[in-house]
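Coordinate analysis (summary)
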Amino acid sequence: MVKILVPATSANLGPGFDFLGLALELYNIVEFAPEQEWVVTAEGYAATRLAGRSDLLVCQAIRAVYSQVGRELPGARVHLRNNIPDVGGLGSSASAIVGGLAAANTYLGSPLSKPELLQLAAALEGHPDNVAPAIFGGLVAVYRGEGERISTLQIPFPEGIKVVLAVPELKVSTAAARSILPKTVPLADAVFNLSHTGLLVGACFAGRADLLRVAMEDRLHQEKRATLIPGFWTVVDRAYQAGAYGVALSGSGPTIIALTPAEKVSLVGAAMQEAFAGVGVQAKWLSLSVNTGGYILASET
Ligand code: HSE
């Protein structure tokens, strides 16, 4: 049995739509061993929806590795321990994909490299910004390199910044949050995002937390998606008033991420939770550190 821990991820960080993602120290666990038939069990978030199904993303990912290396797989025993809230915005689907790929690959003696796993993961997920940090860890920029191959650059995440997440009890599917976006955007908005992503990446390299508030502004997706999240802009304002450096929708939401000085974590978390409560939405908040290194092999027996 192989056991893999896969980090939660927060994609976009404001303007980095579909190409920036950050890995976090909160883990879903995937256990896997080949069997004659599929036996899928689950505990934690979404357990009742997932148990007993062999069509899950994690199973598709396991099959993808076997097929890529030309090996037969009649079935498998898979156990999921889901600690990442599945409301949206924390990369829970990406964690299933990466968990399945990493578990199958490890079981087979690691015939595929991490860059090769990324190609399979991106094909299964559709966009690579959650799967890449779950594989490599830290803050990751994804781009299409030579021959359209999906490639990554790890960006240093400034020391001392904590991640605070407000997780509301709202379910917003990534599909719904993508279909609400226009297919074309005004040139001025595209230029705005280009300049802000440049600033965001530069601020991270320079360790300039003071630039994050401006750098994390976005004009491609947040305004539209905010219409799906009651109180979104109030939560953002309250997090800034409480001392956050930079605040954005986490992935496609409804989770909201605030990059925060360590000494302001509780204030920012409580302020975001209260702001959601003010519009009648229950929310919890989490404080997490950044995962470095991506998924972890916990044990192999
Ligand atoms: N970049 C993706 C989006 C992430 O914003 O739709 C989905 O979690």
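Scroll up to find the structure.
Description of the structure in this document. All residue numbers refer to positions counted from 1 along the written sequence of the respective chain. Under the rules for a predicted model, residues below a pLDDT of 70 receive no local features and side-chain atom pairs below 80 are neither given nor counted, while totals for whole chains, interfaces and linings still include all residues. Hydrogens and waters are ignored; side-chain quantities use all the structure's heavy atoms.

One way to see where empty space is left: roll a probe the size of a water molecule over the atoms. What the largest pocket holds in volume is close to 790 Å³. Lining the largest pocket are 45 residues; nearest its centre among them are Leu57, Gly91, Ser92, Ser93 and Ala94. Segments assigned H or I by DSSP are reported as helices when at least four residues long, segments assigned E as strands when at least two residues long, and all are numbered from the N terminus. Elements with a contribution of two residues or more to the lining of the largest pocket: β1 (2-11), β2 (20-35), α1 (47-50), α2 (57-68), β4 (75-82), α3 (92-107) and α6 (174-179). Ranked by the residues each element gives to the lining of the largest pocket, the list is headed by α3, at five residues. Ten residue types, Ala, Val, Leu, Ile, Met, Phe, Trp, Tyr, Cys and Pro, are classed as nonpolar, four, Asp, Glu, Lys and Arg, as charged, and the remainder, Gly among them, as polar. Residue composition of the lining of the largest pocket, grouped by class: 18 nonpolar, 17 polar and 10 charged. Residue ranges labeled as domains rest on an automatic or database domain assignment. Each of domain 1 (2-155 + 290-300) and domain 2 (161-288) accounts for three or more of the residues forming the lining of the largest pocket. In this analysis, the protein atoms alone were mapped onto a 1 Å grid. Cavities are point sets where a 1.4 Å probe fits without being able to get out; pockets are open sets with protein on both sides within 12 Å along at least five of seven lines; lining residues have an atom within 4 Å of a point. Grid points are joined across faces, edges and corners, and a volume is the space filled by probe spheres set on the points. Size it by volume and the second largest pocket reaches roughly 200 Å³. Taken together, 13 residues form the lining of the second largest pocket, with Glu217, Trp233, Val236, Tyr240 and Val247 sitting closest to its centre. For the lining of the second largest pocket, the elements supplying multiple residues, two or more each, are α9 (222-226), α10 (232-241) and β8 (246-249). Take the lining of the second largest pocket: its biggest share by element is five residues, from α10. Taken together, the residues of the lining of the second largest pocket sort by class into seven nonpolar, one polar and five charged.

Glancing now at the pattern of salt bridges. Any Lys or Arg side-chain nitrogen found within 4 Å of a carboxyl oxygen on Asp or Glu counts as a salt bridge. Applying the stated criterion to the full structure yields eight salt bridges. For the salt bridge of Arg178 with Asp18, the shortest nitrogen-to-oxygen distance reads 2.7 Å. On the criterion of sequence distance, the pair formed by Arg178 in helix α6 and Asp18 in the loop between β1 and β2 is long-range, its members being 160 residues apart. We call a residue buried when its accessible area falls under 20% of the maximum for its residue type, exposed when it is over 50%, and partly exposed in between, using a 1.4 Å probe and counting protein chains only. Owing to a relative accessible area of 21%, Asp18 belongs among the partly exposed residues under this scheme. Between Arg53 and Asp55 there is a salt bridge, with the nearest N and O atoms lying 3.0 Å from each other. It is possible to trace a salt-bridge network through shared partners that takes in Glu31, Glu43 and Arg81.

Looking now at unusual backbone geometry. Between Gly253 and Pro254 the backbone carries a cis peptide bond, its omega angle lying at 5 degrees. Position of Pro254 relative to the elements: it lies in the loop between β8 and β9 (256-261). Unusually for a residue other than glycine, Asn12 sits at a positive phi of about 80 degrees. Examined against the element boundaries, Asn12 turns out to sit in the loop between β1 and β2. Under the relative-accessibility criterion, Asn12 is labelled buried at 2%. One non-glycine residue, Leu13, lies in positive phi territory at about 50 degrees. In this fold, Leu13 is placed in the loop between β1 and β2. For Leu13, a relative accessible area of 2% puts it in the buried group.

As far as function goes, none of this settles anything; it's purely spatial.
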